[in-house]
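Tertiary structure, described
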Amino acid sequence: MFSLGKSHQYLELSYNRIYEVFHWFLKISLLRIFDDDFLVAPVPTALFQFHETELVVSLGVILQHAYCYRNDLDTIILSVSAFVSAFELMLKINGMVYRRKQIAAMIRTVLSDRSYLDGPIEAAICGKYLRLARKLLLVTIMSYLMTGAMLLIYPVLSGGLADRTLPLGYSIPFADYRTHPWYLINYLLQIVQVHWVALVFAGLDGPFYLFVCYLASQLEILIVYLRQIGESPDNVQEQRRLMRKVFEIHTGLSHIYREVYLMQVLCSIVHICVSLFHIQIKFKNGSYGMLLTNVNKIWLFCYCGELVVSKATEFSTGVYANQWYRLWNRRDLQDVLFMLRNAQRNYGFSIGGFGFLSFATFTAVMKTAYSCNAFLHRVMN
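Because the structure is predicted, anything quoted here is derived from the model rather than measured.

Further remarks concern the pattern of salt bridges. Applying the stated criterion across every chain yields a total of eight salt bridges. Note that R178 is salt-bridged to D176, the shortest N-O span being 3.2 Å. Here D176 falls in the partly exposed class, since its relative accessible area comes to 32%. Connected via shared salt-bridge partners are K128, E220, K311 and E314.

A general feature of soluble globular proteins is that nonpolar side chains tend to end up buried together. In terms of nonpolar packing, the biggest core is built from 98 residues, with F34 and I93 touching the most fellow members. Looking at which element gives the most residues to this core, the answer is helix α6 (residues 182-228), with 26 residues. Look past the residues within four positions of I93 in its chain and what remains in contact with it is L31, F48, E52, L55, W196, V200 and L204.

Topologically, D74 is positioned in helix α3 (residues 73-98). Residues D74 and K282, 208 residues apart in the sequence, show an inter-C-alpha distance of 8.1 Å. Setting aside anything within four residues of it in sequence, one finds D74 in contact with H278 and K282.

Sites flagged by UniProt as "transmembrane region" (unreviewed entry) map to residues 76-98, 136-162, 182-201, 208-226, 261-281 and 347-366. Across residues 76-98, helical content stands at 100% and strand content at 0%; the span's end C-alpha atoms are separated by 32 Å. Counting secondary structure, residues 182-201 comes out at 100% helix and 0% strand; the distance between its end C-alpha atoms is 28 Å.

Taken N-terminus to C-terminus, the directions of helix α2 (residues 42-68) and α3 make an angle of 160°; their axes are 9 Å apart at the nearest point. Taken together, the axes of α2 and α3 lie roughly antiparallel to each other. Relative to α3, the crossing made by α2 is left-handed. Within the contact between the two elements, α2 uses F48, E52, L55, V56, L59, I62, L63, H65 and A66 and α3 uses T75, I76, S79, A82, F83, A86, F87, L89, M90, I93, N94 and V97. Counted by class, the contact of α2 with α3 contains 16 nonpolar, four polar and one charged residues.

Low-pLDDT stretches of the model should not have their predicted coordinates read in fine detail. Across the protein, the average pLDDT comes to 78, with 78% of residues at 70 or higher. Of all helices and strands in the protein, the one with the weakest mean pLDDT is helix α7 (residues 236-257) (61), whereas α2 scores best (90).

With that out of the way, let us pick up a nonpolar patch on the surface. Together, L73, I281 and M380 make up an exposed nonpolar region whose accessible area comes to about 250 Å². Locating I281 in the fold gives a position in helix α8 (residues 264-281). Classification of I281 as partly exposed rests on a relative accessible area of 36%.

A word on helix α11 (residues 359-380). With 22 residues, α11 should reach 32 Å at 1.5 Å per residue; the first-to-last C-alpha distance of 32 Å fits that figure. Where α11 is concerned, the buried positions are T361, F362, V365, A369 and N373. In a view along the axis of α11, the buried residues occupy a sector of 110°, so they form one face of it. In α11, the exposed positions angled more than 90 degrees off the buried face are occupied by A360, K367, Y370, F375 and R378.

Let us now look at unusual backbone geometry. When glycine is set aside, most residues are seen to have a negative phi, and most peptide bonds are trans. Between H180 and the following residue, P181, the backbone shows a cis peptide bond with an omega angle of 5°. Its place among the elements puts P181 in the loop between α5 (120-157) and α6. Even without being a glycine, L39 presents a positive backbone phi close to 60°. Structurally, L39 can be placed in the loop between α1 (4-28) and α2. A positive phi is found at F174, a non-glycine position, where the angle reads about 60°. When you line up the elements, F174 lands in the loop between α5 and α6.

In this section: the packing of helix α4 (residues 100-112) against α6. Contact geometry of α4 with α6 gives a least axis separation of 11 Å together with a crossing angle of 50°. The angle between α4 and α6 falls in the class oblique. As α4 runs across α6, the sense of the crossing is left-handed. Across from I103, M106, I107, T109 and V110 in α4, the residues of α6 making contact are L210, F211 and Y214. A class-by-class count of the residues in the contact of α4 with α6 yields seven nonpolar, one polar and no charged.

Within the fold, T45 resides in helix α2. On the basis of relative accessible area, T45 is assigned to the buried category, the value being 17%. Ignoring sequence-local partners within four residues, the contact set of T45 consists of L39 and V40.

Parameters at a glance
- Residues numbered from 1 in each chain as written.
- Predicted model: local features only at pLDDT ≥ 70, side-chain atom pairs only at ≥ 80, totals over all residues.
- Heavy atoms only, no water.
- Salt bridge = Lys/Arg side-chain N within 4 Å of Asp/Glu carboxyl O.
- Buried < 20%, exposed > 50% of the residue type's maximum accessible area, 1.4 Å probe, protein only.
- Core = buried A, V, L, I, M, F, W, Y, C linked by side-chain atoms within 4.5 Å.
- Helix = DSSP H or I, 4+ residues; strand = E, 2+ residues; numbered from the N terminus.
- Contact = heavy atoms within 4.5 Å.
- UniProt positions renumbered as here; feature names shortened; annotations may be inferred.
- Axes fitted to C-alpha atoms, helices over the stretch in contact; angles between N-to-C directions.
- Parallel < 35°, antiparallel > 145°, perpendicular 65-115°, else oblique.
- Left-handed = near helix turned anticlockwise from the far one by under 90°.
- Nonpolar A, V, L, I, M, F, W, Y, C, P; charged D, E, K, R; others polar.
- pLDDT = per-residue confidence, 0-100.
- Patch = residues over 30% accessible without salt bridge, like charges linked within 9 Å, V, L, I, M, F, W, Y side chains within 5 Å.
- Areas by Shrake-Rupley, 256 points an atom, 1.4 Å probe, with all protein chains shown as cover.
- Expected span 1.5 Å × (residues − 1).
- Arc of directions from axis to C-beta.

This is how it looks when you write it as structure tokens:
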């Protein structure tokens, strides 16, 4: 039998293992954002400034490459895709650094939480969402690494090496990449950069999945507590304990929701549109991996957003649906009234104030990308 003590130990290890995975990805990519000496010690500060400079230079190099080979539509499309990827990466890195203290505080909250120790129901709920977080992180890592591999292997499989085809739309300036030895140098450089970008994306997306699953588990625990309110109206001490738990968890969630950034939604729309356009005008190309990765990424983010939004809706319903009317103490009824007002607030991951991540958002993203793709085809024709 798997004892409850072993279950608690497993849950505690899982919290830390998930954190160690995405922290490890950031470390090997030389972005130690969550280390205590980040932007304090000279080495991590120099590495961060180097990466920032590299991203800015990469954006300029991509634009220069697109201008030099502006008569080649295939190169222009690859350059647009590379530019959006570099711009998205720069936004995410700077967003993580700008919110570093808040995100580090949220990570500490998740790692120090011991909700699973309150009972078997709490342990089962926390275990369920921890397993979900591990699956989401694994899918994300595999997706990014597979995309990098597909981009780099495609020229080999399609015979593009003989035609001097580069996986990405940029090259070293002021040198024709189609001549020897510049093609080999550019190809090796892109191998290094693609793998670095994949590692950084995996490391930056890790905290989001950890937060989402933690928030969803806390909301589900709240729903369980709400259903118990009013079941034992004469047991005042038990009712007060439930009230305090609801207030404590719900107040903590309110601070965490405001700190999550999701600015890459617009970049995903551009990626999907450009990749789909590239596939339609040239059936044999390497944009399939980019298309599948971005569709998969935006779906995962919208799935996580829908998970939180649906749990928040269940919480709002649970406040009304419990047996609060059986409470006779005036103080308890005032607490219930406070929860009713608090439950009316919208919870979710905001997209610039225009809405929340959800399945409806995923549908809107795909429709927008397809509409932009149709517009590009009309302009071309």
